[in-house]
Amino acid sequence: MIKEKRINKIKNYVSEHDSVSLDELVSIFDVSKNTIRRDIQVLVDRGKLKKVYGGVTVNHKTLESIQDRKKRNKDQKASIVKEASRFVEDGDSIFIDSGTTTIEMFEYIKDRNLLIFTNSIELVVRALPYEELNVMLIGGMLDRKTDSFGDPRNLDLLSNYNIKKAFMASTGISLSNGVTNASPLESQLKKEIVHRSSEVFLLVDHDKFDKYGLITYCGLDEIDYIVTDVAPDTAYTEYAGKNNIQLVVSH
């Protein structure tokens, strides 16, 4: 009974975070790595999870839809994007990531004169009626899990452009693992965007702190602004102060 309850909790935890490492599961559930491996194998055999290098991810056939993920923490996301949008000015060249939080920035910036880089299919569709918005779509391989494109072979497109502000999404952030992502397809693109942007804004709700996905796409010290809905604990505020990161808490 205890084992089955733990297995169900593992399934729910992985479903919530899309993908996690074995080390994270060991830490969260306070059991040995061998125990975690056996529990994961049960879920793999049931078709709920799929093993990946260093961890486990949700089986794509049972993955929560992007529409369902949008419904989670909806009010918090709305306050975060409203606050982040205040930093966008007419004439800016910006990148908007494909996350369910970042995509909602569109409603606050759609009437401005902007050059928008994105890998989000939904953002391109939303932008079609707005003639003042110039949109550059990046990537070539469709990631159905995120309704976005990501393909390292197409990153040369960015070599001639300087992005002023990047608004990034994340599976989770931590002081030890930095800013992480669940999709290998998108991670190289995210790394390049952070490298080429003058200012990097990370949009994350409070649930993303002290969580991490399989792939770190940049260090936390590479972020210029963290926009969130609840002030993080003192470890993050102290780190932000030491690394010139501005914490912006929405209301």
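First, a word on scope: everything that follows refers to the structure included in this document.

Reading guide: rules and limits
Residues numbered from 1 in each chain as written. Predicted model: local features only at pLDDT ≥ 70, side-chain atom pairs only at ≥ 80, totals over all residues. Heavy atoms only, no water. 1 Å grid on protein atoms, 1.4 Å probe; cavity = no way out; pocket = protein on both sides within 12 Å on 5 of 7 lines; lining within 4 Å. Points joined across faces, edges and corners; volume = space filled by probe spheres on them. Helix = DSSP H or I, 4+ residues; strand = E, 2+ residues; numbered from the N terminus. Nonpolar A, V, L, I, M, F, W, Y, C, P; charged D, E, K, R; others polar. Pairing = 2+ DSSP bridges. Axes fitted to C-alpha atoms, helices over the stretch in contact; angles between N-to-C directions. Contact = heavy atoms within 4.5 Å. Core = buried A, V, L, I, M, F, W, Y, C linked by side-chain atoms within 4.5 Å. Buried < 20%, exposed > 50% of the residue type's maximum accessible area, 1.4 Å probe, protein only.

1. Here we look at the layout of surface pockets
Thinking step 1. For the largest pocket, the calculated volume is near 220 Å³.
Thinking step 2. Forming the walls of the largest pocket are 14 residues, and the residues nearest its centre are Val 52, Lys 145, Ala 182, Ser 183 and Pro 184.
Thinking step 3. For the lining of the largest pocket, the secondary-structure elements that each account for two or more residues are strand S2 (49-52) and helix H8 (184-196).
Thinking step 4. Split by residue class, the lining of the largest pocket holds 7 nonpolar, 4 polar and 3 charged.

2. Quick notes on the sheet that holds strand S13 (residues 215-218)
Thinking step 1. In spatial order, the strands read S10-S11-S13; together these 3 strands make up an open sheet with antiparallel pairing. Here the strands that pair on one side only, and so sit at the sheet edges, are strand S10 (172-174) and S13. Averaged over all pairs of adjacent strands, the angle between their axes in this sheet comes to 40 degrees, without regard to strand direction.
Thinking step 2. Here 3 bridges tie strand S11 (residues 178-181) to S13, and the two strands are oriented antiparallel to one another. For Val 179, the partnering residue across the bridge sits in S13 and is Cys 218.
Thinking step 3. Packed on one face of the sheet, H8 meets S11 and S13 and runs near 20 degrees to S13.

3. Section: the nonpolar core
Thinking step 1. Core analysis: the largest hydrophobic core is formed by 25 residues, its most contacted members being Phe 95, Leu 158, Met 168, Val 179, Ile 193 and Leu 202.
Thinking step 2. For this core, the secondary structure elements donating two or more residues are strand S9 (163-168), H8, strand S12 (197-203), S13 and helix H9 (234-242).
Thinking step 3. Sequence-distant contacts of Ile 193, defined by excluding residues within four places in its chain, comprise Phe 95, Ile 138, Leu 158, Ile 163, Ala 166 and Met 168.
Thinking step 4. With 21 residues, the next largest nonpolar core counts Val 81, Phe 106, Leu 114 and Ala 127 among its residues.

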